[in-house]
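Tertiary structure, described
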Amino acid sequence: VDATLLAETIDDVVVGTDSGRMRSPDLHADPLYGWVRTSAAEAQTVARASAASLTLAACRQRGYVFAGRPVDLPSVAELLQSTRFVLVQDIVLPRFAAGSSPSSSVVRRHPPGRAIQVARDLAASAKVCLLASAHAYRLGG
């Protein structure tokens, strides 16, 4: 299934009350979207391609409809031109004087699949930065 070809057949992208959430065709599938990353079944392959085609169509059409209201995406070309990939080996970390460190920075570990909830909880009392690796279906990599 080719998402690009599917996108060409979509006249209008309308996001429903499910906010575009992708549900597995298999009702017993992993509710945390594990099936998106791991399932090779035909129905799940078609579901992934369908979701990707909606994204492509919305970009081509420079917008979509959500909750009955149009949402403009006027700068898709600029977004694509400005997108940069940053590799971990290219990151230059700041150097601190011997024995010192940034006292305001804290790294926390959390159970898998809980990154957003942990960030929300911590945001009540601190500034939070949630880093995510480049993974299309799984925030936090």
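Residues numbered from 1 in each chain as written. Predicted model: local features only at pLDDT ≥ 70, side-chain atom pairs only at ≥ 80, totals over all residues. Heavy atoms only, no water.

A few words now on the sheet that holds strand E3 (residues 69-72). Within a beta sheet, neighbouring strands are joined by backbone hydrogen bonds and run either parallel or antiparallel to one another. Spatially, the three strands line up as an open sheet ordered E1-E2-E3, and their pairing is mixed. The open sheet has two edge strands with one neighbour each: strand E1 (14-15) and E3. Pairing of strand E2 (residues 63-66) with E3 involves four bridges; the strand directions are antiparallel. Opposite Phe66, over in E3, you have Arg69 as the bridge partner. (Pairing = 2+ DSSP bridges. Helix = DSSP H or I, 4+ residues; strand = E, 2+ residues; numbered from the N terminus.)

Further remarks concern the nonpolar core. One finds Ala7, Ile10, Val13, Ala57 and Ala58 forming the largest nonpolar core, which totals five residues. Non-local contacts of Ala57, meaning those with residues more than four positions away in its chain, are made with Ala7, Ile10 and Val13. (Core = buried A, V, L, I, M, F, W, Y, C linked by side-chain atoms within 4.5 Å. Buried < 20%, exposed > 50% of the residue type's maximum accessible area, 1.4 Å probe, protein only. Contact = heavy atoms within 4.5 Å.)

One non-glycine residue, Arg62, lies in the positive phi region at around 60 degrees. Summarising the element assignment, Arg62 is placed in the loop between helix H3 (42-61) and E2. A relative accessible area of 52% places Arg62 in the exposed class. Its identity is not glycine, yet Ala67 carries a phi of approximately 55 degrees, on the positive side.

Don't take any of this as a statement about function, it's just geometry.
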